[in-house]
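# Descriptive structure summary
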Amino acid sequence: MFRNSGNLAIPLFTYAFGQTAVAPAVMLFVVSSCLHFSLGLAIVSKGISLLQLIRMPIFVSAVLALTLNLIGVGIWEPLLNATTLLGQAAIPIMLVSLGAQMCNMRLSGLKTGLMCTGLSLVTGGISFGLIYLFIPLSTLHLQMMLLFTLFPPAVLNYMLAERFDLEPERVASMVLFSNFFCVVTLPIMLAIALSFD
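First things first, this report covers the structure right here in the doc.

### Regarding unusual backbone geometry
With the exception of glycine, the majority of residues adopt a negative phi angle, and the majority of peptide bonds are in the trans configuration. One non-glycine residue, Asp 165, adopts positive backbone phi at about 50°. Looking at Asp 165, the relative accessible area reads 61%, which means it is exposed. You will see that Glu 167, though not glycine, has its phi angle at about 50°, which is positive. Note that Glu 167 resides in the loop between helix 8 (155-163) and helix 9 (168-194).

The following block contains the structure:
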């Protein structure tokens, strides 16, 4: 349900479409993260209070960043560098946690990963079809949405499964193998996206 919209999407969009894609890519990431920590948490935790939701760092930082951007205020450079380093450290920590789970993984996880990859592509294709039909977007944004809807699951899905003890081994298989198979699916999706007029 929640795609790899950060450490895969932003660099890929920048590489494929240039600097003009950075702002929409970051916005997609922020929206996806906010949904992950609201709707996603509500699903796995069987409900979350509005107060807990508002106090989450992702929402506080998103509102603060949007406000500063709208009023044209920059961030003090040492603070920006410190928070950037902290944010960059979170990705390896998530990957190490996923790697630790690989010790418990069996070859049967390959079947789960293949099924998840197929399901991810089908649901992503349906989502993109609905966006294409009902939401008028520019060519660049359509290209980005095609890739975005077909990305593999985010590592954060595993972190939430681990936190709430929701079959973390299976979720780890889904995340690991789906991201592995995107070596095959991603060039095809990129070629299709770049063929849009």
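### Observations concerning the layout of surface pockets
Looking at the largest pocket, its volume works out to about 1,900 Å³. As for the largest pocket, its lining consists of 42 residues, and the residues nearest its centre are Phe 29, Val 30, Ile 58, Ser 61 and Gly 87. Reported here for the second largest pocket is a volume of approximately 600 Å³. Along the wall of the second largest pocket there are 23 residues; nearest its centre are Met 1, Phe 2, Cys 116, Asn 157 and Met 174. Counting residues per element, the ones that place at least two in the lining of the second largest pocket are helix 2 (22-44), helix 6 (108-134), helix 8 and helix 9. Of the residues forming the lining of the second largest pocket, the biggest block, 7 residues, is contributed by helix 6. For the lining of the second largest pocket, the per-class residue count stands at 14 nonpolar, 6 polar and 3 charged.

Conventions used here
- Along each chain, residue indices are assigned from 1 in the same order as the chain's sequence is written.
- Confidence filtering applies because this is a predicted model: local features only for residues at pLDDT of at least 70, side-chain atom pairs given and counted only at 80 or more, and all residues used for totals across whole chains, interfaces and linings.
- To obtain the side-chain values, all non-hydrogen atoms of the structure were included, while hydrogens and water were left out.
- When a residue's accessible area, from a 1.4 Å probe over protein chains only, is under 20% of the maximum for its type it is buried; when over 50% it is exposed; and in between it is partly exposed.
- Elements are defined by DSSP. Helices are runs of H or I of four residues or more, strands are runs of E of two residues or more, and each kind is numbered from the N terminus.
- Cavities and pockets are found on a 1 Å grid laid over the protein atoms alone: a cavity is a set of points where a 1.4 Å probe fits but cannot escape, a pocket is an open set with protein on both sides within 12 Å along at least five of seven lines, and a lining residue has an atom within 4 Å of such a point.
- Grid points are joined across faces, edges and corners, and a volume is the space filled by probe spheres set on the points.
- Basically, the charged four are Asp, Glu, Lys and Arg, the nonpolar ten are Ala, Val, Leu, Ile, Met, Phe, Trp, Tyr, Cys and Pro, and anything else, Gly included, counts as polar.

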